[in-house]
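# Examination of the molecular architecture
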Amino acid sequence: MTPTAPPHHLPLAEPADRYRAMRLVRGFEEQALDLVREGVIAGGIHPYIGQEAVAVGVCAALRDGDLITSTHRGHGHVLAKGASPHRMLAELAGRVTGLNRGRGGSMHAADFSLGILGANGIVGAGAPIAAGAAWAEARAGRDTVVTAFFGDGALNQGVLLETFNLAAIWRLPVLFVCENNGYATTLPAAGAVAGGAVERARAFGIPAQTVDGMDCEAVLAAAAGAVERARAGDGPSFLECRTYRFEGHHTMERRLKLGYRTAEEVAGWRERDPLPRAAAALDPGEADRIDAGIGQLLADARTFALASPAPDISGACDYLYADGLRPRAGVTL
Amino acid sequence: MSKLSYTKALNRALGDALAADESVCVFGEDVGAGLAGPTLGLQARFGTDRVVDTPLSEQAFVSMAIGAALAGRRPVVELQIPSLLFLTFEQLANQAHKLSLMTGGQTSVPLTCLVPGSGSREGWAGQHSDHPYSLFAHVGIKTVVPATPSDAYGLLASAIRDDDPVIVFAPAAAMGVRQDVTWDLEPVPLGRARIARQGDDVTVVALGAPVHGALAVAEELAPEISVEVVDARTVHPFDWATLSRSLERTGRLVVIDDSNRACGFAAEVMATAAEEMRLTAPPRRVTRPDGAVLPFALELDRALQPDARQLTGAIRAVMK
């Protein structure tokens with residue numbers, strides 16, 4: 001029996017909603033780490049833990065009909081834009097009930113019905129796709145805003161700089177969100193980005209600001225202004241969100257015991273954890289109630305994912321072509 | 001009666017598609033001016049929002065076309081130089097082609113990439129003379145190489161209507177071809193070969209400009225050898241059924257392929273024929289050399305492209 005995921009809706013309007021969304025992302029990632037260790041999730045993941053305030057703050061500034069493109073570290077964006085945690089977890093586990101029917105996994109999770117045009121395995125690749133969607137939406141007379149999430153590593157991809165130029169000359173309704181977590185895999189951004197992130201965007205005439213990416217409300221405030229500007233037809237904006245990933249670049253890193261970050265540095269950023277900060281602003285006891293609810297939701301998501309069947313191998317080439325063209329098999333006997 | 005030129009056929013296919021379907025749009029360098037030919041006059045007719053002149057940012061505007069496709073458009077991207085396909089291979093092979101499968105069929109990418117002037121342009125040297133259609137077949141992208149003006153119209157029309165990415169190579173050596181067209185131009189389905197000349201002794205598979213060379217060789221050999229010329233039209237998906245039917249009669253195969261030898265189009269056609277079809281003699285191919293980079297001097301440029309003398313020799317060899 002293939003289970004059906006329950007309806008899912010993630011409000012982001014109130015501070016408590018946003019705390020709940022951050023807890024959802026955090027809890028989802030913690031559970032996903034467990035499932036990687038258990039061997040349920042193949043390959044591994046790029047955990048979003050520590051960066052929750054960025055995805056939730058930005059998505060809180062968006063409408064349902066707005067679009068996003070995401071990254072290899074994309075679980076937070078996908079969940080904050082409203083994807084079902086049940087179907088997201090099933091996707092990570094390679095199940096037929098997953099968002100992508102088990103064809104995409106962690107790095108390609110997408111839900112077009114929610115405006116999630118996909119995570120992307122190539123750094124910087126989502127930004128020009130976002131710009132193209134923004135071009136199409138604007139030329140169709142719609143006021144859709146398209147957000148491109150990317151990391152500091154993408155600042156050194158030429159295609160991103162090309163995209164800044166195209167978005168600026170065509171005044172496209174794009175919000176560029178740079179999650180500067182300090183490292184492109186293991187390479188410190190400090191020694192890899194000449195001139196600085198916001199300076200690069202400003203060189204193209206794109207309004208740019210740096211915001212505390214560990215503060216969901218600050219991210220929301222900055223994003224709201226940029227989204228309003230884009231929706232009014234005034235063109236793209238750029239946000240550099242200073243943040244940090246508490247985990248390694250990838251789950252494989254746990255086994256490698258790399259020394260590119262000091263324990264003190266990680267501990268220092270953990271003290272700036274966006275979740276306790278958001279919890280402190282809520283009514284006493286509210287955060288605990290929310291945490292309990294999310295715990296139950298994620299337990300249900302786990303049950304759903306594990307109860308879902310793997311895809312039938314006869315369909316391994318399904319969806320390769322939109323017209324159903326069947327590729328030749330690898331052997332003919 | 002006027003003769004239809006290859007370039008005019010591409011121009012008409014684009015114009016008809018833009019007129020018939022609001023979602024069709026064109027991105028490319030100098031498409032407003034119509035520098036390469038196929039877009040001439042289209043911006044004046046359809047406006048700058050449908051025919052979009054882009055800065056020299058191929059990777060970004062090919063990706064933008066993908067994004068526009070995800071948002072419901074049916075974009076055509078013109079790349080004026082075949083080597084720009086190498087620059088945008090990431091966008092075409094790794095993004096456009098893979099999104100349908102990776103999203104579990106949530107989306108498709110109806111992107112057409114038109115490359116006017118592929119292959120050698122005689123005298124444009126190493127970085128403007130490649131013919132990398134086999135690369136795209138290898139990664140699985142639908143790829144066509146029309147030989148005639150009516151096929152240029154028909155295959156481009158079908159490419160634009162297709163819901164998957166399609167690369168359309170318009171060989172420089174074919175773009176000068178003109179054709180008496182007495183019928184209404186119409187779409188030519190992807191994946192269907194054309195018997196350009198019927199014959200009984202040997203099957204020559206050709207693609208793009210070499211189709212015309214193969215027809216001339218067939219005519220010349222007609223007194224002694226009956227040559228069937230199959231214009232493959234589409235590299236991927238290849239029309240294996242038509243090839244198989246032809247080989248049932250001839251049992252002999254020569255493939256002429258204006259691209260590099262190793263792992264190329266000709267190699268795939270010969271391998272499949274050897275595995276699955278009736279061959280009474282070892283097949284031959286006529287191609288550019290392994291890993292060829294066309295040198296500048298015209299004598300050297302021409303020396304590396306397959307020619308009539310080589311094709312004639314290969315046909316005689318399989319007839320032994």
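Residues numbered from 1 in each chain as written. Chains lettered and ligands numbered in written order. Predicted model: local features only at pLDDT ≥ 70, side-chain atom pairs only at ≥ 80, totals over all residues. Heavy atoms only, no water.

### Comments concerning the state of the cysteines
Applied cut-off: Here, the term disulfide refers to a pair of cysteine sulfur atoms separated by no more than 2.5 Å. The buried label applies to any residue whose accessible area, calculated with a 1.4 Å probe on protein chains only, is under 20% of its type's maximum; exposed applies above 50%, and partly exposed to all values in between.
In the structure shown here, the tally under the stated rule is 0 disulfides over all chains. Its sulfur unpaired, C216 of chain A is 9.9 Å from the next cysteine sulfur, which belongs to C59 of chain A. Among the residues examined, C216 of chain A registers a relative accessible area of 4% and is labelled buried. For the unlinked cysteine C25 of chain B, the closest cysteine sulfur is that of C113 of chain B, found at 13 Å. Relative accessible area serves as the criterion here: at 0%, C25 of chain B is assigned to the buried category.

### Points about unusual backbone geometry
One can expect most non-glycine residues to show negative phi and most peptide bonds to be in trans. The condition is simple: Where helices and strands are cited, they refer to DSSP runs of H or I of at least four residues and of E of at least two residues respectively, numbered from the N terminus.
H236 of chain B connects to P237 of chain B through a cis peptide bond whose omega is 0 degrees. By the secondary structure assignment, P237 of chain B is in the loop between β12 (234-236) and α10 (240-250). Residue T185 of chain A is not a glycine yet carries a positive backbone phi of 60 degrees. Here T185 of chain A shows up in the loop between β4 (183-184) and β5 (187-188). Of the residues examined, T185 of chain A reaches a relative accessible area of 39% and is grouped as partly exposed. Positive phi, normally seen in glycine, also occurs at Y319 of chain A, with a value near 75 degrees. Inspection of the secondary structure puts Y319 of chain A in the segment after α12 (286-307). Classification of Y319 of chain A by relative accessible area gives partly exposed; the value is 28%.

### Some words on the pattern of salt bridges
The condition that has to hold: Criterion for a salt bridge: a side-chain nitrogen of Lys or Arg within 4 Å of a carboxyl oxygen of Asp or Glu.
Evaluation of the coordinates by the stated rule reveals 33 salt bridges over all chains. Across the salt bridge formed by R74 of chain B and D163 of chain B, the nearest N and O atoms sit 2.7 Å from each other. Of this pair, R74 of chain B sits in strand β4 (residues 74-78) while D163 of chain B sits in the loop between α8 (149-161) and β7 (166-171), and the two are 89 residues apart along the sequence. Given a relative accessible area of 17%, R74 of chain B falls into the buried group. With a shortest N-O distance of 2.7 Å, R197 of chain B and E219 of chain B are connected by a salt bridge. Here the residue R197 of chain B occupies a position in strand β9 (residues 194-197), and E219 of chain B occupies one in helix α9 (residues 210-221), the gap between them amounting to 22 residues. One continuous salt-bridge network, built from bridges that share partners, spans D212, D215, R272 and R277 of chain A.

### Thoughts on the interface of chain A and chain B
Using the following cut-off: What makes two residues a contact is simply this: any of their non-hydrogen atoms within 4.5 Å. The quantity reported as buried area is the accessible area (1.4 Å probe) lost by two parts once they are put together, taken as the sum for both. By the criterion applied in these results, polar contacts are pairs of N or O atoms within 3.5 Å in which, for protein atoms, one can donate a hydrogen and the other can accept it, and in which residues neighboring in sequence qualify only through two side-chain atoms. Three classes are used: nonpolar for Ala, Val, Leu, Ile, Met, Phe, Trp, Tyr, Cys and Pro, charged for Asp, Glu, Lys and Arg, and polar for all others, with Gly counted as polar.
Each partner contributes residues to the interface: chain A has 42 residues there, and chain B has 46 residues. Approximately 3,400 Å² of surface area, both sides summed, lies buried where chain A meets chain B, with 61% of it carried by carbon and sulfur atoms. Sorting the residues of chain A by area buried against chain B places F112, W135 and R328 of chain A first, and these three jointly supply 19% of that buried surface. Linking chain A with chain B are 3 salt bridges. At the surface where chain A touches chain B, the tally comes to 18 residue pairs in polar contact (both at pLDDT 80 or more). Those elements that provide at least two residues to the side of chain A that touches chain B are α5 (126-139) and α6 (158-169) of chain A. Considering each element in turn, the side of chain A that touches chain B owes the most residues, 9 residues, to α5 of chain A. Its residues assigned to classes, the side of chain A that touches chain B comprises 24 nonpolar, 8 polar and 10 charged.

### Let's talk about the sheet that holds strand β7 (residues 237-242) of chain A
Residues and elements named next belong to chain A. Definition in use: When DSSP locates at least two bridges between a pair of strands, those strands are taken to pair. Working convention: axes come from line fits to C-alpha atoms, limited for helices to the stretch in contact. Angles between N-to-C directions cover 0 to 180 degrees.
With parallel pairing, 5 strands are arranged side by side in an open sheet as β1-β2-β3-β7-β6. Each edge of the open sheet is held by one strand with a lone partner, namely β1 (67-69) and β6 (208-212). For this sheet, the mean inter-axis angle between neighbouring strands, taken without regard to orientation, is 20 degrees. In this structure, β6 lies alongside β7, joined through 5 bridges in parallel fashion. Paired with A208 across the strands is F238, a residue of β7. Each of β1, β2 (146-151) and β3 (174-180) is contacted by α5, which is oriented at about 175 degrees to β2, the strand it contacts most.

### Describing the UniProt feature "domain: Dehydrogenase E1 component" (unreviewed entry) in chain A
Quick reminder of the rule: UniProt positions are given in the numbering used here, feature names are shortened, and annotations may be inferred rather than shown by experiment.
What UniProt calls "domain: Dehydrogenase E1 component" (unreviewed entry) maps, in this numbering, to residues 21-281 of chain A. The straight-line gap between the two end C-alpha atoms of residues 21-281 of chain A is 15 Å; of that span, 41% is helix and 12% is strand.

### Examining the domain arrangement of chain B
When the parts of a complex come together, some accessible area is lost, and that lost area is often used as the size of the interface. All names here are of chain B. Counted only if it meets this: Residue ranges labeled as domains rest on an automatic or database domain assignment.
Segmentation of chain B into domains returns domain 1 (3-180) and domain 2 (194-319). Taken together, the contact between domain 1 and domain 2 spans 27 residues of the former and 26 residues of the latter. Both faces considered, domain 1 and domain 2 share a buried interface measuring about 2,000 Å² in area, 54% of it formed by carbon and sulfur atoms. Our count for the domain 1 to domain 2 interface comes out at 3 salt bridges. Notably, a salt bridge pairs D151 with R233, separated by 2.8 Å at the nearest N-O pair. Linking domain 1 to domain 2 there are 15 residue pairs in polar contact (both at pLDDT 80 or more). The class makeup of the residues in the side of domain 1 that touches domain 2 is 13 nonpolar, 10 polar and 4 charged.

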